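# Observations on the three-dimensional arrangement
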Amino acid sequence: MPDAAAGKVNELRAREGKADAALRLFVKSGGCSGYSYGLAFDDRIADDDRVEDHAGVPVVIAAFSAQHIAGAGVDYVDSRMGRGFAINNPNTVDRCSS
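Keep in mind the model is a prediction, meaning the values are calculated, not measured.

### Quick look at the environment of Asp47
- On the secondary structure map, Asp47 appears in the loop between β2 (35–42) and β3 (50–54).
- For Asp47 and Ala63, which are 16 residues apart along the polypeptide, the C-alpha to C-alpha distance reads 9.6 Å.

Right, here's the structure in full:
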């Protein structure tokens, strides 16, 4: 996770009163590759969750999600096209394009 993304996560955690919460990265059914990604603050960590530190931000990944996001990265994008978090997974095959 680049420093800009980590900074934005910390800013949002502070703004939402969740300074001690981890960032949960998860997958759910849907999207072009069969899955879509989600991010949420979470202060509950299950026994089978994987916890990683990225630039000082604790990132929690459930066992089910871990197999689908191995090698993925989270970044924060601020451009003329919009701003927000982007999850880049080099292992995903886009099945929506023709």
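### Points about the side chain of Arg24
- Residue placement: Arg24 occurs in strand β1 (residues 22–29).
- A distance of 2.7 Å separates a polar atom in the side chain of Arg24 from a polar atom in the side chain of Asp42.
- The residues contacting Arg24, other than those within four sequence positions of it, are Gly38, Leu39, Ala40, Asp42, Arg44, Ile45, Asp49, Val60, Ile61 and Ala62.

### Some details on the pairing of strand β4 (residues 57–61)
- Taken across its five residues, β4 has four buried, putting it largely inside the fold.
- Pairing of β1 with β4 involves three bridges; the strand directions are parallel. Directly across from Leu25, in β4, lies its bridge partner Ile61.
- Across five bridges, β3 lies against β4 in antiparallel orientation. Bridging across to β4, Asp53 finds its partner in Pro58.
- Counting the residues between successive antiparallel strands, the hairpin from β3 to β4 contains two residues, one of them, Ala55, with a positive phi of roughly 55 degrees.

### Regarding the nonpolar core
- In terms of nonpolar packing, the biggest core is built from 12 residues, these being Ala6, Val9, Leu23, Leu25, Val27, Val57, Val59, Ile61, Ala66, Ile69, Val74 and Ile87.
- Mapped onto this core, the elements with two or more residues apiece are α1 (3–15), β1, β4 and α2 (63–69).
- Residues contacting Ile69, with those up to four places away along its chain left out, are Leu25, Val27, Tyr37, Ile61 and Asn89.

### Here's the deal with the sheet that holds β1
- Here we have four strands laid out as an open sheet, ordered β2-β1-β4-β3, and mixed in their pairing. For this open sheet the edge positions go to β2 and β3, each flanked by a neighbour on one side alone. Sheet twist, expressed as the average angle between the axes of neighbouring strands with direction ignored, equals 30 degrees.
- Strand direction decides the pairing type here: β1 and β2, joined by eight bridges, are antiparallel. Note on β2: the bridge partner recorded for Leu25 is Leu39.
- Where α1 meets the sheet, it contacts β1, β2, β3 and β4, and its direction lies at approximately 90 degrees from that of β4.

### Details of the packing of aromatic side chains
- The tally for this structure, following the rule as stated, stands at one aromatic pair.
- Here the aromatic rings of Tyr76 and Phe85 are separated by 5.1 Å at their centres, their planes lie at 70 degrees, and the arrangement is edge-to-face.
- Tyr76 sits in the buried class, given a relative accessible area of 19%.
- Classification of Phe85 as partly exposed rests on a relative accessible area of 30%.

Thresholds applied
Residues numbered from 1 in each chain as written. Predicted model: local features only at pLDDT ≥ 70, side-chain atom pairs only at ≥ 80, totals over all residues. Heavy atoms only, no water. Helix = DSSP H or I, 4+ residues; strand = E, 2+ residues; numbered from the N terminus. Polar contact = N/O pair within 3.5 Å; in protein donor to acceptor, adjacent residues only side chain to side chain. Contact = heavy atoms within 4.5 Å. Buried < 20%, exposed > 50% of the residue type's maximum accessible area, 1.4 Å probe, protein only. Pairing = 2+ DSSP bridges. Core = buried A, V, L, I, M, F, W, Y, C linked by side-chain atoms within 4.5 Å. Axes fitted to C-alpha atoms, helices over the stretch in contact; angles between N-to-C directions. Phe/Tyr/Trp six-rings, centres within 6.5 Å; stacked < 30°, edge-to-face > 60°.

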